[in-house]
Structures are given as C-alpha cells and as structure tokens.
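Notes for the structure review
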Amino acid sequence: MSDFAGMEELLQDFLVEATDLLSSVDFKLVDLERAPGDRGLLNDIFRGFHTIKGGAGFLNAGELVNLCHLTENLFDKLRNMELHLDPPLMDVILSATAAVRHMFTHLERGMQPPAADPDIIARLQAALRGEALAKVEHTAPIAAVAVAAPAAASGEPDWNLLHRAVTGVVPQAAPATPPEAQRAANQPADPVTHSFGRRASDHPGFTGPTGRRDAERGRDTSIRVDTSRLDQVLNLSGEIGLTKNRLTALRADILNGRSDTETLHALDVAVSQLDLLVSDLQNAVMKTRMQPIGRLFQKYPRIARDLARSLGKDVELDLAGEDTEIDKTMIEDLSDPIIHLIRNAIDHGVEPSSERLALGKPEKSLVRLEARQEGDHIVIIVADDGRGMNPERLRAKALEKGVITDEEANTLDERASLNLVFLPGFSTAERVSDVSGRGVGMDVVRTNIQKLNGTIEIRSTVGKGTTFMISLPLTLAILPVLLVKLGEQPFAVPLSMVREILPIEPAGVQEIGGRATMVVRGEVLPVLPLPHLLGWPPSQQAEYGVLMQTAEHNFILAIDSFAGREDAVIKSLDDFRPKGVAGVTTLSNGQIVLILDMKELLSGLGDARGVPRSVLLGSMAKAA
Amino acid sequence: MADPKMKFLVVDDFSTMRRIVRNLLKELGFANVEEAEDGVVALQKLQGGGIEFVVTDWNMPNMTGLELLQAIRANAQYKHLPVLMITAEAKKENIIAAAQAGASGYIVKPFTAATLSEKLTKIFEKMEKKAA
C-alpha cells in the first residue's frame, strides 16, 4: 500500500521538517510581497525550495522535485535580478507553494504525489523564460487554491472531524468540507482542488480506517524535544532514584526501631527533597510537551493575505508573542479556531478601504494575533480594528433567527449579547460567503476551546473593533479543582468555572417562577443543589453556594461544605464513564474523588433547571 | 581501505538530510559521525579536533558549503582534510567553483550508498597516493 516501504521513518522526518520549512517560506512570501527586492528573503525562500527538493530526491518523489526545482530556479533568477517580482508572478509562486503543500498531503498517506497542475507548471516555465504573465483574473482561482489547499491540511475538514467526534458518526467518504464550502472551492475550474475532491471520495483506502487515522492525526503523535530538556528529565529521575534509596534505608532504620530525632529529621529532609524533585520532574516532563506557538502562527499571515486579497481588502496581520510556549496537543487543536477567528475578523470585522477612509480610519486594517502567558494561563488574542459588533443588532438577529425568546432578549446585557454569536445556528453575515458566514463556526470555535478547558471572551466597541480573548490552561494534564462536599463525600469541580463562594442564607433565597434563586450584586441566579444534579436525595444542609460560570449559564451550585482547592492529576475513565463525570483523581490521603463535568450534568437536566425553594432549604427552612 | 573508525563531519541545515547521509555512511561501515547545521557550527566542531573527513551541503544559511570549503583550505591546521561537497545541482559552474576552491569530491543529490562509496574510495585513493 505504501509507496515508501522501508523509508517510513525517513518520510516522517522529512514531512515534519519540510512542513515547517514550507510554513516559513509561506511566511516569508507574505513579507516579500511588501519588500519585493529583499535579497535576504529571496535567498531564504530559494534555499527553502532547494532543501525540500533535495530531500524529496531521496524519497524518489519526482513530481515534488520537479515542482520545487522550477520554483527554485525562479527564485534564483529573482535574486540575481534577472527577473522582477510583480503581482502575476507572485500569484504563480503562491500557487506553487500551495501545490507543494498539497503534495505533502499525499506523502502523509504514504503515496507518491501525482504531477502538479499542468497550468502551474506551464506558468512557472513561462515565467522562467521571462515571458510576461498575462494578468488573467487570477485572484479567484488563486484565492481558491490558497484557501482550499491549506484548509485541506489544517482547515475545514477538522470541523467535520469534530462533528463526527461529537455525533459519533463513523467517518464516511463524505466531502471533506461542508457542501457550501465545497461548492465554493470547486467553482473556479481548478484542477488542484478538483483532484483533492476526487481523492477524498474515490480512493478506496480513504474511507474507514484512514479517515479515523486522520482524525487521530497519526503523523503528529511524535514530538521534537530539545535534548537539554530531555537531559533535565533524565537528571531529575536520577536524583529521585537517589532519594528513593535514602528513603529505603531510612525505612529499614525505622522498622528496626530507631526513632531518634536524627532519624526523623533525616526522614523529613528526604521527604521534602522528594517533594521538590517530583514537582520539578512534573514541570520538566510538561516542558517536553511545550512548543512555541510561533510554529502555529507562522502559517496565518499567508492565509490572511490570500483571504484579504480575495475580498479586495487591505489587511495586515500583526503577530506578537510567538515565543510563548504551549502544550503541543493544544497547538494542534487551536489551529482551526484561530483560523476561523482570523477569517471572521477579515471577512466581517474590518471594513473595505473606501469605507475606512470615509470614517477617517487608516486605509490599511490591522488584525492582531497575540499570545502571552498570564500566570498559569495562556492568553491568545485575535483583535481587529474594524467596525465592531453591535449588541443591539446581535439581539435582534438572534430573535429573528429564533435562537432566543423575547423574554431572554430583554435580560441580556451587553456582554451576554455579544456571546450570542457562540450559539449554534447563529451567523450575523447577511450573505453566505465562501470564507465565513456558514453558521457553523463560532459555536464550534467555542466548543473546541472548552474542550481544552479554556474560555473565550469577546470585547467589542462599535466603530473601533472587536477582540476575541482565548484563555487556556498551561497544560491539560493537571486541572486545578475546587473540592466540594455532600455530607462526607467529596467531589471536584474545575476551578476555572468557579467565580466565587458564598453562604446560602434562607433569607437571601427567593422563589422566582417556582425556582429557587439568589441575587448576587444585581444578577439573578438560579440555585441548583448538587444532589439534584447528581440525582441524589436532597441534602439537609446546603450551607454554601459556589457561583459557577459555564458557557451558557451562570448558576449557584448549592453544596454542604467544601474542602479547599487541589491540583488534580486527571485519570480518565476510558471504559467506564458515568454521565457527568469527567474523570477521577486521588487526594493526598489516598481518597478517590470524582471530577464532575458540569456541562454534562446540566444538559442531563433538560428543562428542569431549578428546584423550588422548599426543596433547596429543606430542614434549614424549617429550622429558620 | 579506510579506517572504519574515521571520524566524519556531516554539514547540512536540513536535519533529515544529515540523517540520510549519516545512514548511508553507516551502511558503508562508517559509524563515527558528527553533525553540524551550517558552516559556522562546522568550523567550531573542526576546532574541537578529531574530524578526519568533511561531507558538506552547498546551500546553507550563515555560511555556505563553498565558504566552509574555502575557510578549511585557508587554515593551516586542517587544510589537508578531505571535503566532499553535496549539492542538488550538476551545474558546470558549480562543479568548477568547487574544484577551484579545492573540493576533494562532488556528489549530486539524490545518491545511493553505492555512489557515495565510489566517491569516497576515489578520495581515499588520492589521499593514499599523496601520503605515499
């Protein structure tokens, strides 16, 4: 089946390295468009294609060699000033890089890539001969290649995978992109996109197992780690071994009846040392999973540029904080949401140049993509300086679409109104364009972020722009939790959802519409007893309320008492997973605690979201 | 025949390529291989001593293979080191430039272990003749 029997490892190495290289070429191409004569850039891009060609040669990937060779020659002429870079030539180069990327997708499946689109080859050859390239209406096909090809690797299909993951539908030979997108992408008679469409549906190996392997991103299960970081892990495990030996010796002493101060002091020292070493080791292991987010960021300027061009807008994507390190698995899962936010910013956020000039804004719009670490969180920001979002209009739109009721609309404040865009089926675009506005999207973006235990917030000022703020935990392996108790039984809830803890006093609980509620600083919140959520008999002593913040609802979780916070190491329950339980963790005293999945517990309630005051207060009310 | 313990320095900015060359050398019985990602790092490794054979790519950032070759030939300490140039081009002007700079051999990508062996043998023969 594989065209690369015996060379699999080489192929994997090549793909990882060459994909990075191609991303940086793409990144530099966007720079080159602004500084067409930059020798340094021309040299770097030349070398990029040259290097890919060299590696491809050893893989016998003749078509890839051929394509890179032509592109490389073009850059050789450009850097020697034999040719001059103009927009039609740039288009040819960009379609060539898209074609190279497309060939990588074949290699990923262990197959030799077929020949590149003859049109691209012909245009490259014509450019090499120094023929002026006719300014055909390239913008449309190029945009299609550019948007469709990177999407093939990292864009739209994942929405589908996600959908499959959610619905549990077995991967079918379904079109990789949603129908509208598919049609839009295929409209310009572009052989590259066509051949991709054929591959997805026609190739016998693509259904079933391959599809699933794609979902698991088989290729990306390996990770490149700086050797100094591995050395640190090795060093720490050595130290832990030594400390363990020390403890073993001390145990023998103690079992033999020694309990003098000296022995106990030595035990104390050894245990605190072990404590320190283990937390260092945890950190060091975590660090091996950390990658600079710049590796993800560098592919966006190209996507942004292509999109802005196809929409006739002048947009600059400004990157910051590329050095910020983030868990590798998160990098992969963030790729699509960020693409979506950037597309939204360019498609809906920023105004066309003419409109901007009329408003007295700079002609060029700025979209900022920034990452930074804030405490134990990573914050990613996608901000535009466009027209902003109007809460009033969003409410009206949501009403019109029937996503919310009249009553709900009246209770929404500005922030809640902005959050309406995250509701399934909500799309503010008046028309459906091929880049965004399909109504799938923002809700999937939020679902994706929440899967990573993250949150997403919107800030927007009409006329000034919109900012999306994604906040993510540093790692998925450790979850800060709040331990709450029902009687003697502890449960863990994710600390990220906890806003505050307050006492529940019978006098403060009101009944609205048959449901117990409390007013916290002007906000009316339903009070949900934990036993009610779990299906336990009502508690007799709900004394505390934990103000929980989930994507859709804020509510007060009524509990008996709480036992502090803990950094839980999550053990997932793979085979046996009760509804509403995200996993388990072990406390320092050895007790096993269930980590609750609030969202699932809430959804299990359906419409019965609330209990009468009497049920909540139970015996307390009687006592009062 | 050459000593299998001979220490090679493989210079290439593309780590996949370094691995390919390293594997090919291993196939030929040379397991003592150091790596450098460009000419600058290569010169540092040369200063460290012990290197007996340099295999270098041509196109690299910071310092190209040709510049590395020139630097090696200009240094009294290791100007006699054999240097095999690897390149993707079989262009005449490249071959001439390499020969003029004093390359011991020239090999075009992609190549097999057999081709590499042939080039190495030629270089070893030349060295032996010189030594004799």
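For every chain, the first residue of its written sequence is number 1, and the numbers climb from 1 along that sequence. In the order they appear in the text, chains get letters beginning with A and ligands get numbers beginning with 1. With the structure being a predicted model, the display of local features is reserved for residues of pLDDT at least 70 and the display and counting of side-chain atom pairs for 80 or more, all residues being used for whole-chain, interface and lining totals.

When helices and strands are counted, chain B shows five helices and five strands. Along chain B, helices (α) and strands (β) appear in the sequence β-α-β-α-β-α-β-α-β-α when read from the amino end. Split into buried and exposed, the 132 residues of chain B put 36% on the buried side. By definition, residues are in contact whenever their C-beta atoms, placed on the basis of the backbone, come within 7 Å of each other. Partitioning the intrachain contacts of chain B with sequence separation of at least 6 by distance along the chain shows that 58% fall at a separation of at least 24. To qualify as a helix, a DSSP run of H or I must reach at least 4 residues; to qualify as a strand, a run of E must reach at least 2; elements of each kind are numbered from the N terminus. Think of it as a crowd count around each C-beta: if 20 or more other C-beta atoms lie within 10 Å the residue is buried, if 12 or fewer it is exposed, and in between it is partly exposed, with C-beta placed from the backbone throughout.

Check the secondary structure of chain A and you find 23 helices and 18 strands. Within chain A, counting contacts between residues at least 6 apart in sequence, those at least 24 apart form 70% of the total.

Quick look at unusual backbone geometry now. Residue B:P110 is reached from B:K109 by a cis peptide bond, and omega for that bond is -10°. Positionally, B:P110 belongs in the loop between strand 5 (105–108) and helix 5 (113–131). Despite not being glycine, A:M81 shows a phi value in the positive range, around 60°. Inspection of the secondary structure assignment puts A:M81 in the loop between helix 3 (62–79) and helix 4 (87–108). Classification of A:M81 as exposed rests on a count of 10 C-beta atoms within 10 Å. One non-glycine residue with positive phi stands out, namely A:R521, at about 45°. The residue A:R521 is located in the loop between strand 12 (515–520) and strand 13 (523–529) in this model. Given 5 C-beta atoms within 10 Å, A:R521 falls into the exposed group.

As used throughout, a nonpolar core is a set of buried Ala, Val, Leu, Ile, Met, Phe, Trp, Tyr and Cys residues joined through C-beta atoms within 7 Å of each other. Grouped together as the largest cluster of nonpolar side chains are 71 residues, with contacts concentrated most on A:V100 and B:L9. Element by element, the count of residues in this core is highest for helix 4 of chain A, at eleven residues. Each residue touching A:V100, except ones within four places of it in the same chain, is listed here: A:L22, A:I52, A:L64, A:L67 and A:C68. A:L307, A:L369, A:A371 and A:I404 belong to the second largest nonpolar core, which has 43 residues in total.

Another aspect to go through is the packing of helix 3 (residues 65–73) of chain B against helix 4 (residues 92–101) of chain B. All names here are of chain B. Note on geometry: axes are lines fitted to C-alpha atoms, helical ones only across the stretch in contact, with angles between N-to-C directions running from 0 to 180 degrees. One can describe the packing of helix 3 onto helix 4 by two numbers: an axis separation of 9 Å at closest approach and a directional angle of 20°. In this view, helix 3 runs roughly parallel relative to helix 4, as classed from their interaxial angle. Helix-helix and strand crossings are classified by hand; for helix 3 and helix 4 the assignment is left-handed. Two secondary-structure elements touch here, helix 3 through L66, L69, Q70 and R73 and helix 4 through A97, A98 and A101. For this classification, Asp, Glu, Lys and Arg are treated as charged, while Ala, Val, Leu, Ile, Met, Phe, Trp, Tyr, Cys and Pro are nonpolar and the rest, including Gly, are polar. Broken down by class, the residue content of the contact of helix 3 with helix 4 amounts to five nonpolar, one polar and one charged. Orientation labels follow simple angle bins: below 35 degrees gives roughly parallel, above 145 gives roughly antiparallel, 65 to 115 gives roughly perpendicular, and whatever is left gives oblique. Helix crossings fall into two classes, left-handed where the near helix is turned counterclockwise from the far one by less than a right angle and right-handed where it is turned clockwise.

Now for the sheet that holds strand 16 (residues 561–569) of chain A. Residues and elements named next belong to chain A. Strand pairing requires that DSSP identify at least two bridges connecting the strands. Taken together, the five strands give an open sheet; going across it, the order is 16-8-9-18-17, and neighbouring strands pair in mixed fashion. Each edge of the open sheet carries a strand with a single partner, namely strand 16 and strand 17 (581–586). If you compare each strand with its neighbour and ignore which way they point, the axes differ by 35° on average. Across five bridges, strand 17 lies against strand 18 (residues 592–596) in antiparallel orientation. Following the sheet pairing, G583 is matched in strand 18 by I595.

The subject of this paragraph is the interface of chain A and chain B. In this assembly, twelve residues from chain A lie in contact with twelve residues from chain B. Only helix 1 (8–34) and helix 2 (39–58) of chain A provide two or more residues apiece to the side of chain A that touches chain B. The biggest single contributor to the side of chain A that touches chain B is helix 2 of chain A, with eight residues. Here the residues of the side of chain A that touches chain B are counted per class, giving three nonpolar, five polar and four charged.

Residues and elements named next belong to chain B. Summarising the sheet, strand 4 (residues 83–87) and strand 5 pair through four bridges and their orientation is parallel. Bridge pairing in strand 5 links M85 to Y106. Call a crossover right-handed when, viewed with both strands pointing away from you, the route from the first strand across the helix to the second goes clockwise. Where the polypeptide runs from strand 4 across helix 4 and back to strand 5, its parallel neighbour, the crossover connection is right-handed.

Attention now goes to the sheet that holds strand 2 (residues 33–36) of chain B. Residue and element names in this part refer to chain B. The strand order 2-1-3-4-5 describes an open sheet built from five strands, whose pairing is parallel. Each of the sheet's edge strands pairs with one partner strand only, and the pair in question is strand 2 and strand 5. In this sheet, neighbouring strand axes are inclined to one another by 20° on average, regardless of whether the strands run parallel or antiparallel. Note: strand 3 (residues 53–57) against strand 4, four bridges, orientation parallel.

The next point concerns the pairing of strand 3 of chain B. Residues and elements named next belong to chain B. Counting buried positions along strand 3 gives five out of five residues, so the element sits mostly inside the fold. Along strand 3, one buried face is formed by F53, V55 and D57 and the opposite face, lined by V54 and T56, is buried too. When strand 1 (residues 8–11) meets strand 3, the two strands line up parallel, connected through four bridges. The residue bridging V11 from the neighbouring strand is T56, located in strand 3. With respect to chirality, the unit in which strand 3 leads through helix 3 into the neighbouring parallel strand 4 is right-handed.

Moving on to the confidence of the model for chain B. The predictor reports its confidence for every residue as pLDDT, a score running from 0 up to 100. Here chain B averages 89 in pLDDT, and 98% of its residues register 70 or above. Predicted complex, confidence summary: ipTM 0.81, pTM 0.56.

Another point: the confidence of the model for chain A. All names here are of chain A. The predicted model of chain A has a mean per-residue pLDDT of 78, with 80% of residues at 70 or higher. Contacts from residues 136–219, a stretch scored under 50 in pLDDT, to residues over four places away or in other chains number 108 contacts. Below pLDDT 50 for its whole length, residues 430–439 participates in 27 contacts with residues either more than four positions away or in separate chains.

Take the packing of helix 4 of chain A against helix 5 (residues 118–128) of chain A next. To characterise two packed helices, one gives the angle between the axes of the helices and the distance between these axes. All names here are of chain A. Two numbers describe how helix 4 lies on helix 5: the axes approach to 10 Å, and their chain directions differ by 135°. Taken together, the axes of helix 4 and helix 5 lie oblique to each other. Pair helix 4 / helix 5 crosses with left-handed handedness. Contacts between helix 4 and helix 5 involve L89, V92, S95, A96 and A99 from the first element and I120, R123, L124 and A127 from the second. In terms of residue class, the contact of helix 4 with helix 5 is made up of seven nonpolar, one polar and one charged.

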